[in-house]
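Residues per chain are reported as follows:
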Amino acid sequence: PALGAPVLRGATLLEVGAGTGYLAMRLTGRGSTSGVAKVYALDCNDQALQEMRCDLSALGSRGSRVRPVRWDWTESRLPRGVDLEEVDLIIGTDIVYAGAVETDLARGLALLLARRGASNEGLRALLLLCDRPISGEEAPLCGRPRKRRRGEGGDNLGDSSKEPDERVGGDASPEGAAGAARPGPRPRPRRAVGRFLLACEEQSVAVRELELSAELVAAACGTSCSDGG
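Residues numbered from 1 in each chain as written. Predicted model: local features only at pLDDT ≥ 70, side-chain atom pairs only at ≥ 80, totals over all residues. Heavy atoms only, no water.

**Student:** What is the right way to read the overall build of the protein from this model?
**Tutor:** Helix and strand content of the protein: 5 helices and 7 strands. The linear arrangement of helices and strands in the protein, starting from the amino end, is β-α-β-α-β-β-α-β-β-β-α-α. Residue burial in the protein is summarised as follows: out of 229 residues, 33% are buried. Considering only contacts in the protein between residues 6 or more positions apart, those separated by 24 or more positions represent 70%. Here the protein displays about 13,700 Å² of accessible surface, and carbon together with sulfur accounts for 50% of that area. (Helix = DSSP H or I, 4+ residues; strand = E, 2+ residues; numbered from the N terminus. Buried < 20%, exposed > 50% of the residue type's maximum accessible area, 1.4 Å probe, protein only. Contact = heavy atoms within 4.5 Å. Areas by Shrake-Rupley, 256 points an atom, 1.4 Å probe, with all protein chains shown as cover.)

**Student:** Quick question: what am I supposed to make of the sheet that holds strand β4 (residues 89-93) here?
**Tutor:** The strands making up a sheet associate through backbone hydrogen bonding, with each pair oriented either parallel or antiparallel. Spatially, β3-β2-β1-β4-β5 is the arrangement adopted by the 5 strands of the open sheet, whose pairing is parallel. At either end of the open sheet lies a strand with only one pairing partner, and these are β3 (66-70) and β5 (125-128). Within this sheet the neighbouring strands show an average axis-to-axis angle of 20 degrees, counted without direction. One ladder, built from 4 bridges, connects β4 with β5; its direction is parallel. Bridge pairing in β5 places I91 opposite L126. (Pairing = 2+ DSSP bridges. Axes fitted to C-alpha atoms, helices over the stretch in contact; angles between N-to-C directions.)

**Student:** Explain the side chain of T28 here, please?
**Tutor:** Following the sequence through the fold, T28 ends up in helix α1 (residues 22-28). T28 sits in the buried class, given a relative accessible area of 4%. Within the structure, the side chain of T28 is placed 2.9 Å from the backbone oxygen of A24, a separation counted as a polar contact. Residues within four places of T28 in sequence aside, it is in contact with V36, V39, R65 and V66. (Polar contact = N/O pair within 3.5 Å; in protein donor to acceptor, adjacent residues only side chain to side chain.)

**Student:** Sorry, what's going on with the packing of helix α3 (residues 102-113) against helix α4 (residues 192-202) here?
**Tutor:** When two helices pack together, you describe them by how their axes are tilted relative to each other and by the distance separating the axes. Running from N to C, α3 and α4 cross one another at 40 degrees; their axes reach a closest spacing of 8 Å. One way to sum up the angle between α3 and α4 is to call them oblique. Viewed along their axes, α3 and α4 form a crossing whose handedness is right-handed. Residues E102, T103, L105, A106 and L109 of α3 lie in contact with α4, whose contacting residues are A192, R195, F196, A199 and C200. For the contact of α3 with α4, the per-class residue count stands at 7 nonpolar, 1 polar and 2 charged. (Parallel < 35°, antiparallel > 145°, perpendicular 65-115°, else oblique. Left-handed = near helix turned anticlockwise from the far one by under 90°. Nonpolar A, V, L, I, M, F, W, Y, C, P; charged D, E, K, R; others polar.)

**Student:** Looking at this structure, I do not really get unusual backbone geometry. What am I missing?
**Tutor:** With the exception of glycine, the majority of residues adopt a negative phi angle, and the majority of peptide bonds are in the trans configuration. Located in the positive-phi region is S76, a residue other than glycine, with phi close to 55 degrees. With respect to the helices and strands, the residue S76 is situated in the loop between β3 and β4. The phi torsion at D94 lies on the positive side, around 50 degrees, for a residue other than glycine.

**Student:** Would you mind showing me how to read the side chain of T12 here?
**Tutor:** By the secondary structure assignment, T12 is in strand β1 (residues 12-15). Note on T12: relative accessible area 8%, which makes it buried.

**Student:** What's the story with the pattern of salt bridges in this structure? I'm lost.
**Tutor:** A side chain with one charge can pair with a side chain of the opposite charge if their charged atoms come near. In this structure the tally under the stated criterion is 5 salt bridges. One salt bridge connects D104 with R107, and the closest N-O pair in it is separated by 2.7 Å. Residue D104 and its partner R107 are both found in helix α3; the two are separated by 3 residues, about one turn of the helix. (Salt bridge = Lys/Arg side-chain N within 4 Å of Asp/Glu carboxyl O.)

**Student:** Any chance you could explain a nonpolar patch on the surface here in plain terms?
**Tutor:** Where nonpolar side chains cluster on the molecular surface, the patch consists of L128, L212, L216 and V217 and spans about 310 Å² of accessible area. Looking at the secondary structure, you find L216 in helix α5 (residues 214-221). (Patch = residues over 30% accessible without salt bridge, like charges linked within 9 Å, V, L, I, M, F, W, Y side chains within 5 Å.)

**Student:** Explain the pairing of β3 here, please?
**Tutor:** Taken residue by residue, a regular strand's side chains alternate between the two faces of the sheet. Alignment of strand β2 (residues 38-43) against β3, held across 5 bridges, turns out to be parallel. Opposite V39, over in β3, you have V66 as the bridge partner.

**Student:** Would you take a moment to explain the pairing of β2 for this structure?
**Tutor:** Counting buried positions over the 6 residues of β2 gives 6, a clear majority of the element. Covered by surrounding structure in β2 are K38, Y40 and L42 together with V39, A41 and D43, the residues of both alternating faces. Where β1 and β2 come together, 4 bridges link them in parallel fashion. Pairing of E15 across the sheet is with A41, part of β2.

See the structure below:
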């Protein structure tokens, strides 16, 4: 509450990129103080979903509050078997990284956020994203492999003299039809989170970034602020 966090007690959540369901099971399991009533756990990886179902089955009745659902955000459709009218909040953790097809994710989120949700005022999403250091591409877990763009992946990312950034928006010509100068296109961000935020803007998804204190991050990671963890 001090951070403006949503009240989760009694809430129904929809988790995007749930993987094997670790977070969903922690939120609904024994000993949880969140009070979450139900989690729709979405992922596109069939092996991860199978492992989630096995773990939930082992939990017996306690596992019934998590619903595994296959959803590939590259397919531009709503997830089947999810009653979006009972969902209070969309959540996701560490779902943006090199090779994650950021534009498709932003498009999928826009599709979900357009629904009214349980509040009848439109859904919201709370995402915890990690902007990893620039490095090579990782294999995408959803959809088909994404072709490497200029300025992405490999050692050239850290040296702007080797490869220019891709440009988005604007007009390639220096002047418009009437001869008026047009603003130049913006550089495409090199990091995955930056590209995702830009894709959200292009999908008219309003984003508000929340700063997390070093103390909170350290507490979540189980490290002290003094050791640089």
